[in-house]
Amino acid sequence: MKKLLGIGLASGLLGLGLLTAAQAANPKPEDVVKYRQSVYTMIGWNFAPIGAMMKGEAPFDAAAVARHADYVKMLSTAAPEGFAKGTGPDVVKNTEAKPEIWTKSGEFDTKMKNFQQEAASLAEVARGGDEKAIKAQFGKTAETCKACHKEFRKD
Ligand code: HEC
């Protein structure tokens, strides 16, 4: 009896494991959208306090800038997998992504790469702690956000 229970439990766990693997390999479009919106929410969360410091709305804190910039850099590399095919507004209602992301994917990829490059530079410059240099690089990075939103996100 004990043995049987053990086998039942083991196969139950195995089944669960397989299910989880299958879901991870083939996520639902709604979950992909949730993922990319979460990534951008976190990008915005980390970008905003740097912006506030650059505008003089908050006191400059080099360590905080460096930490937030590191997160933005890391999240910029996590963003692309949130744009799997079949997750546009024709399939999922709750999204601000425009269909052009998939019909002009070359242009979208370029905008994503520009963002990743500027975010990586921002993280590097932030480590140096020079407020003026950070301000300049923050401006460049913010431009890459705007450039993509203008073309590929509904207002
Ligand atoms: C390569 C394109 C691209 C770049 C670069 C980009 N975004 Fe976005 N962003 C999008 C798209 C597309 C959406 C809409 C996602 C959706 O609704 O499915 C979005 C959504 C957002 C959202 C809303 C998230 C939510 O649903 O609550 C925020 C905040 C945001 N972006 C901030 C930023 C910031 C800040 C930057 C730059 C530091 C940035 N984005 C760079 C394409 C981009």
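Scroll up to find the structure.
Residues numbered from 1 in each chain as written. Predicted model: local features only at pLDDT ≥ 70, side-chain atom pairs only at ≥ 80, totals over all residues. Heavy atoms only, no water.

### As for the site of the ligand
Here is step 1: Among the 20 residues in the neighbourhood of the ligand, the closest are listed as Arg36, Thr95, Cys145, Cys148 and His149.
Here is step 2: In this structure, an oxygen atom belonging to the ligand sits 2.7 Å away from a side-chain N or O atom of Arg36.
Here is step 3: A distance of 3.3 Å is found between an oxygen atom of the ligand and a side-chain nitrogen or oxygen belonging to Thr41.
Here is step 4: Of all the elements in the fold, those that place two or more residues in the shell around the ligand are α2 (29-54), α5 (105-128) and α6 (131-152).
Here is step 5: Counted by class, the shell around the ligand contains 12 nonpolar, five polar and three charged residues. (Near = heavy atom within 4 Å. Polar contact = N/O pair within 3.5 Å; in protein donor to acceptor, adjacent residues only side chain to side chain. Helix = DSSP H or I, 4+ residues; strand = E, 2+ residues; numbered from the N terminus. Nonpolar A, V, L, I, M, F, W, Y, C, P; charged D, E, K, R; others polar.)

### A word on the pattern of salt bridges
Here is step 1: Throughout the structure, instances matching the rule amount to three salt bridges.
Here is step 2: Two residues, Asp70 and Arg127, come together in a salt bridge whose shortest N-O distance is 3.4 Å. You can see Asp70 sitting in helix α3 (residues 62-78) and its partner Arg127 sitting in helix α5, a full 57 residues away along the chain.
Here is step 3: Asp70 gets classed as partly exposed once you look at its relative accessible area, which sits at 35%.
Here is step 4: On the basis of relative accessible area, Arg127 is assigned to the exposed category, the value being 55%.
Here is step 5: Across the salt bridge formed by Glu143 and Lys146, the nearest N and O atoms sit 3.5 Å from each other. (Salt bridge = Lys/Arg side-chain N within 4 Å of Asp/Glu carboxyl O. Buried < 20%, exposed > 50% of the residue type's maximum accessible area, 1.4 Å probe, protein only.)

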